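Next come the chains, spelled out residue by residue.
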Amino acid sequence: MLKYDERFFKLQKATFAKTDNMLHIVFTTFGNFTPQIPRHEKTVSKQILDYLEINLQIEFEYTTNALAASTGGELQDSLDQLKHYATNMPEAQKIDKTLPVKNIEYWLGVPIKIRPMQIKYLRASKELQVTAGTIHFLKRRDYKRDDMEKTLWSFVLDDRETRLQCVHFPTEKTRAKFEKLADRTSVAIIGVYDKNNRGELNFRVSGVSFCDMI
């Protein structure tokens, strides 16, 4: 089932125009919904594209007609029809979310056993995800917590299309190896992409492997 902020929006209907490759979604709105639109459309679009795994245009429309709001089944029916359509469409039109990498070689932390995905397809989640790219702006920062000296490393990962802010909190087992990493090193990383305590999205690295970007 599609997830969105029901305090401001309620699904009304969804239709798919195959000739235009366009999914048109109408939402009923409540209260001061306008500031919520950018996040709402990004959240809904990502869920739909992740579900379908095809290139698709999504058009949003908003109305204040609360009596016309549906229970969401209509959109699920449309998505199921689109899923069938996607299964039978030419391979070239499907989205390949993976990164072209080779020679993945374990270095530290959690091992990587799946192919990395493009940074732009990462989703905010508590689950482990894998991506890859080149390290830039690698920095060490020392800080105090509970009267103890702590260390963290931050860097930007670039997969040649998108950049990702990353952070690693070394353990006794990973500290020495992580300190040997350097800028412009190509790596695959595994970790959690989620909000930090300041409400900012970053990728908390729990494992690093070397790789070659193709």
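Residues numbered from 1 in each chain as written. Predicted model: local features only at pLDDT ≥ 70, side-chain atom pairs only at ≥ 80, totals over all residues. Heavy atoms only, no water.

## Description of the layout of surface pockets
The criterion, for reference: With a 1 Å grid spanning the protein atoms alone, the term cavity applies to any set of points in which a 1.4 Å probe fits but cannot get out, the term pocket to an open set with protein on both sides within 12 Å along at least five of seven lines, and the term lining residue to any residue with an atom within 4 Å of a point. Grid points are joined across faces, edges and corners, and a volume is the space filled by probe spheres set on the points. A run of H or I in DSSP becomes a helix once it reaches four residues, and a run of E becomes a strand once it reaches two; helices and strands are each numbered from the N terminus. By the convention adopted, Pro, Cys, Tyr, Trp, Phe, Met, Ile, Leu, Val and Ala count as nonpolar, Lys, Arg, Asp and Glu as charged, and the other residues, Gly among them, as polar.
Its boundaries defined by the atoms lining it, the largest pocket holds a volume of some 1000 Å³. The wall of the largest pocket is formed by 31 residues, among which R39, K42, T43, K46 and A124 lie closest to the centre. Secondary-structure elements contributing two or more residues to the lining of the largest pocket are α1 (37-52), α2 (73-87), β7 (163-168) and β8 (186-195). Counting residues per element, the lining of the largest pocket draws most heavily on α1, which supplies 9 residues. Across the lining of the largest pocket, the residue classes tally to 13 nonpolar, 7 polar and 11 charged. There is about 470 Å³ of room inside the second largest pocket.

## Some details on the packing of aromatic side chains
By convention here, two paired aromatic rings are described through the distance between centres and the angle between planes. Where we set the bar: In this scheme Phe, Tyr and Trp rings, the latter by its six-membered ring, pair at centre separations within 6.5 Å, and the angle between planes marks the pair as stacked below 30 degrees, edge-to-face above 60, and tilted otherwise. Placement of a positive charge over a ring is assigned whenever Lys NZ or Arg CZ falls within 6 Å of the ring centre and within 35 degrees of the normal to the ring plane.
Taken as a whole and judged by the stated rule, the model has 10 aromatic pairs. In textbook terms, an aromatic cluster arises when at least three aromatic residues are bridged by ring pairs, as seen for Y4, F8, F9, F27, F33, F60 and Y62. A cation sits over an aromatic face here: K177 above W107, 4.8 Å from the ring centre.

## Section: the sheet that holds strand β2 (residues 22-29)
This is how it is decided: A pair of strands is labelled paired if DSSP reports no fewer than 2 bridges between them. Every axis corresponds to a line fitted to the C-alpha atoms, with the helix fit spanning only the stretch in contact, and the corresponding angles, defined between N-to-C directions, vary from 0 to 180 degrees. We call two residues contacting when some pair of their heavy atoms lies within 4.5 Å.
Pairing is mixed across the open sheet formed by 3 strands, whose spatial order is β1-β2-β3. Because the sheet does not close on itself, it has two edges, and the strands there are β1 (9-17) and β3 (57-63). Here the average twist between neighbouring strands, direction ignored, is 20°. In the sheet, β2 pairs with β3 via 7 bridges, with the strands oriented parallel. Note that in β3 the partner of V26 across the bridge is E61. Contacts between α1 and the sheet are confined to β1, β2 and β3, with β3 contributing the most and set at about 135° to the helix.

## Here we look at the pattern of salt bridges
Inclusion rule: Any carboxyl oxygen of Asp or Glu within 4 Å of a side-chain nitrogen of Lys or Arg constitutes a salt bridge here. For each residue, the accessible area found with a 1.4 Å probe, counting protein chains only, is set against the maximum for its type, and the residue is called buried under 20%, exposed over 50%, and partly exposed in between.
Summed over all chains, the structure comprises 9 salt bridges. Linking E161 and K120 is a salt bridge whose minimum nitrogen-to-oxygen distance equals 2.9 Å. In this pair, E161 is assigned in the loop between β6 (148-158) and β7 and K120 in the loop between β4 (101-109) and β5 (128-145), connecting sequence segments 41 residues apart. Accessibility expressed as a relative area gives 41% for K120, which makes it partly exposed. Put simply, R163 and D158 hold a salt bridge, and the shortest N to O gap is 3.1 Å. Residue R163 is classed as partly exposed on the basis of its relative accessible area, which comes to 49%. When salt bridges that share partners are traced, they join R140, D142 and E179 into one network.

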